[in-house]
Amino acid sequence: MAKVELRGITKIFNGTVAVRKTDLEICDGEFMVLVGPSGCGKTTTLRMVAGLEMPSDGMILIGEKDVTYAEPKNRDIAMVFQSYALYPHMTVYENMAFHLKIKKMDKKEIDERVQNAAALLGLSNYLARYPKQLSGGQRQRVALGRAIVRQPQVFLMDEPLSNLDAKLRVQTRAELIKLHQKLKTTFIYVTHDQTEAMTMGTRIVVMKDGKIQQVGTPAEIYNHPANLFVATFIGSPAMNLLEGTLTRETDHLLRFCGNGISVQFPNTDLKIDNNSKVLLGIRPENMNIYPVENNPNFNDSCLRCMVEVVEHIGSEAILHTRTEHQEYMIIKIPGHAKIPAVGAQIQAQIFYGKTHLFDADSGNKLCTRSYGAVENC
């Protein structure tokens, strides 16, 4: 096990900056997930840690040892790729043992490591089989086993579940979490799938355009996004955004107004100009719906909407709606609730307890209201 540090890491390809002055500390035994859209620099960052790409600038340390320009074989890491990259002419046992044989390790030690890894991954009954005789999930476990037998300080994983079907992805995701808990080794995992990031990582790094946007636990990233990009990238369906203005009514009270609604934000520290252009962020699950003619809690935080599409997904339903000001809004409600029909007029009441304000120009977070309190203003 080892701590991994990136100090000012930059990577430039033919004049294009892929990763910009990245600083990151990954703790010993942590499961760190790098997530972001295609081209954000997450895989390039991982490949620099692996030694498959050399940084244009900066320093990489693994276990307090400078490995910035060290060969991959001298970094004590093991990497699992998107493709399984198994040798088709070798059995599962031979695939898992191959690297250890290259290192001329004792046969007894090799056998012990392979058997232990196979037992850990549920592969003990498949050691004599060839890759073509295995399912996709079993092949991925063989690739993991090949990494485990090396007993590295750090595991690096580049979208290892992307070739699996949806059901198998969920199952293998759980297996990886349990594997990390058993091995207690440092994992660095790259994915574009925010669900994987939220369910697997002890911490998450959200990246965009080669820069880190936010680092935090899944709860911190979800509940307190640092900016508009993080807010809309993390969460499914994405956060709703309403345009409006922010004014200071008193020393202790801010008010958002826009699209026919008004939301208060008690605050004394935030420096704003009156009628500053802002965006109000509301997650789809943070609204209640009522029929237009029967809302006992009607107030100025209610939006009148028309239902355009209804997605029934069992435990919940997702309503795609349009406000009377033609703003697109997604509302998530429990599947057991009375679900309005397409074309129905409803009132969506915003939960005061979970709203976010962002500067309309910069996208930076202004504040987050959490159950009556205003945080990070």
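*Asks:* What is the right way to read the overall build of the chain from this model?
*Replies:* The helix and strand tally for the chain stands at eight helices and 22 strands. On the principal axes, the C-alpha backbone points of the chain span a range of 75 × 45 × 35 Å. By the burial criterion, 50% of the 377 residues in the chain qualify as buried. The long-range share in the chain, meaning contacts at least 24 apart out of those at least 6 apart in sequence, stands at 63%. Of the roughly 17,700 Å² that the chain leaves accessible, carbon and sulfur atoms contribute 49%. Averaged over its 43 positive side-chain charges, the chain has a centre that lies 7 Å from the centre of its 40 negative ones.

*Asks:* Mind showing me how you'd approach helix α4 (residues 136-148) here?
*Replies:* Taking 1.5 Å per residue as the helical rise, α4 with its 13 residues ought to reach 18 Å, and the 18 Å between its terminal C-alpha atoms agrees with that figure. Among all positions of α4, only Gly137, Gln138, Gln140, Arg141, Val142, Ala143, Leu144, Gly145, Arg146, Ala147 and Ile148 are buried. Residues of α4 that are buried in the fold lie against β6 (77-80), α2 (92-102), α3 (107-121), β7 (154-158) and α5 (166-183).

*Asks:* Help me out: how do you make sense of the pairing of strand β13 (residues 261-265) in this one?
*Replies:* Put simply, side chains in a regular strand alternate between the two faces of the sheet. Summarising burial for β13: four of the five residues are buried, a large majority. One ladder, built from five bridges, connects strand β12 (residues 253-258) with β13; its direction is antiparallel. When the bridges of β13 are listed, Gly258 appears paired with Ile261. The loop that links β12 with its antiparallel partner β13 comprises two residues; one of these, Asn259, has a positive phi angle of about 55°.

*Asks:* What's the story with the packing of aromatic side chains in this structure? I'm lost.
*Replies:* Think of a pair of aromatic rings as described by two things: how far the centres are apart, and how the planes are tilted against each other in angle. The tally for this structure, following the rule as stated, stands at five aromatic pairs. Between Phe155 and Phe187 the ring centres are 5.0 Å apart and the planes differ by 50°, which places this aromatic pair in the tilted class. A residue pair is termed long-range when its members are at least 10 positions apart, and Phe155 in strand β7 and Phe187 in strand β8 (residues 186-191) qualify at 32 residues. The pair Phe155 / Phe187 is uniform in exposure class, with both members buried.

The rules behind each value
- Residues numbered from 1 in each chain as written.
- Predicted model: local features only at pLDDT ≥ 70, side-chain atom pairs only at ≥ 80, totals over all residues.
- Heavy atoms only, no water.
- Helix = DSSP H or I, 4+ residues; strand = E, 2+ residues; numbered from the N terminus.
- Buried < 20%, exposed > 50% of the residue type's maximum accessible area, 1.4 Å probe, protein only.
- Contact = heavy atoms within 4.5 Å.
- Areas by Shrake-Rupley, 256 points an atom, 1.4 Å probe, with all protein chains shown as cover.
- Lys, Arg positive; Asp, Glu negative; His and termini not counted.
- Charge placed at Lys NZ, Arg CZ, Asp CG, Glu CD.
- Expected span 1.5 Å × (residues − 1).
- Pairing = 2+ DSSP bridges.
- Phe/Tyr/Trp six-rings, centres within 6.5 Å; stacked < 30°, edge-to-face > 60°.

Nothing here speaks to function; it is geometry throughout.
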